[in-house]
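What follows is each chain in one-letter form.
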Amino acid sequence: MLLLGVSAATLIGATPVARIDVDFDQVRSAKGMLRICLTAAPDNFPSCVDDHNATRRSIPAGTTSLRFEGLPHGNYAVAVIHDENGNKKLDTFAGIPREGFGFSRNPPIRFGPPRFSAARFGINSDAEKQQVKLRYIL
């Protein structure tokens, strides 16, 4: 009986956690790195610069998927850049990206990056999957 009480107390305070698998499609080359940011903060999307709770990863551009684990249930968005020259930023020419980029849910791109709400997806189960299509303008 005591064991049941300890288990119930442990479960009451537990926060559900999940994982997300992100697949990358249409990467132009295996040159450079993919720089990924997973965030739950709309104000810091897509750059994640001031987001201390964001999860950032850098992986070789030839990698086709990435798994994030131990995430609390909630709303998230993913931003990806293909840093082909390895300078840790998205290079532009006259404001137009020269390197690849992509976002969760693959929202339409008009003038500038999409809003968090356009790339947002919810994690409400044990596992979620997102497919990010990289886009190249120049």
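Treat the numbers as computed from the prediction; the structure is a model and nothing was measured. Position labels on residues start from 1 in each chain and follow its written sequence. Under the rules for a predicted model, residues below a pLDDT of 70 receive no local features and side-chain atom pairs below 80 are neither given nor counted, while totals for whole chains, interfaces and linings still include all residues. Side-chain metrics rest on all non-hydrogen atoms present in the structure, leaving aside hydrogens and water.

1. Considerations on the nonpolar core
Counting residues in each nonpolar core, the largest one holds 19 residues, and the members touching the most others are Phe24 and Ile36. For this core, the secondary structure elements donating two or more residues are β1 (17-25), β2 (33-39), β4 (65-72), β5 (74-83) and β9 (121-123). A run of DSSP states H or I qualifies as a helix once it reaches four residues; a run of E qualifies as a strand once it reaches two. Both are numbered from the N-terminal end. Top element by residues in this core is β1. It accounts for four residues. Side-chain atoms within 4.5 Å link the members of a nonpolar core, which is a set of buried Ala, Val, Leu, Ile, Met, Phe, Trp, Tyr and Cys residues. For the exposure calls, accessible area comes from a 1.4 Å probe over protein chains only, and a residue counts as buried if that area is under 20% of its type's maximum, exposed if over 50%, partly exposed in between. Ranked by size, the runner-up nonpolar core spans eight residues in total, among them Phe45, Ala79, Ile81 and Phe101.

2. Observations regarding the state of the cysteines
Criterion for a disulfide: a pair of cysteine sulfur atoms within 2.5 Å. The tally for this structure, following the rule as stated, stands at one disulfide. The residue that forms a disulfide with Cys37 is Cys48, at a sulfur-sulfur distance of 1.7 Å. Disulfide Cys37-Cys48: torsion about the S-S bond near -95°, hence left-handed. With a gap of 11 residues between them, Cys37 in strand β2 and Cys48 in the loop between β2 and β3 (55-60) connect regions that are remote in the sequence. Note on Cys48: relative accessible area 1%, which makes it buried.

3. Here's the deal with the pattern of salt bridges
One speaks of a salt bridge when a side-chain nitrogen belonging to Lys or Arg is within 4 Å of a carboxyl oxygen belonging to Asp or Glu. Within this structure, the stated rule accounts for five salt bridges. Ionic pairing is found between Arg19 and Asp21, a salt bridge with its closest N-O pair at 3.4 Å. The salt bridge partner of Lys129 is Asp23, with a shortest N-O separation of 3.2 Å. Placement of Lys129 in strand β10 (residues 127-133) and of Asp23 in strand β1 is noted, with a sequence separation of 106 residues between them. Residue Lys129 is classed as exposed on the basis of its relative accessible area of 55%.

4. Some remarks on the side chain of Asp23
For Asp23, a relative accessible area of 17% puts it in the buried group. Looking at Asp23, its side chain comes within polar contact range of the side chain of Lys129, at 3.2 Å. Between N or O atoms, a polar contact is any pair within 3.5 Å; within protein, one atom must be a potential hydrogen donor and the other a potential acceptor, and residues adjacent in sequence are included only when both atoms are from side chains.

5. Brief notes about the confidence of the model for the chain
Model confidence for the chain is summarised by a mean pLDDT of 91, while 90% of its residues fall at 70 or above. Within the model, pLDDT remains below 50 along residues 1-11, and this stretch shows zero contacts once partners closer than five positions in the same chain are excluded. pLDDT gives the predictor's per-residue confidence on a scale running from 0 to 100. It only takes one pair of heavy atoms within 4.5 Å for two residues to be counted as in contact.

6. Regarding the packing of aromatic side chains
Here a Phe, Tyr or Trp ring, Trp counted by its six-membered ring, pairs with any other such ring whose centre lies within 6.5 Å, and the pair is stacked when the planes are under 30 degrees apart, edge-to-face when over 60, and tilted otherwise. With the rule as written, the count across this model stands at three aromatic pairs. Look at Phe45 and Phe103: their rings are 5.9 Å apart centre to centre, the planes differ by 65°, and that puts the pair in the edge-to-face class. Of this pair, Phe45 sits in the loop between β2 and β3 while Phe103 is found in strand β8 (residues 100-103), placing the two residues 58 residues apart along the sequence. For Phe45, a relative accessible area of 10% corresponds to the buried category. Judged by relative accessible area, Phe103 falls into the buried class, the value being 8%. Ring centres of Phe101 and Phe103 lie 6.1 Å apart, and the angle between their planes is 55°; on these two criteria the pair is classed as tilted. Ring-pair connections join several aromatic residues into one group, and the members of that group are Phe45, Phe101, Phe103 and Phe116.

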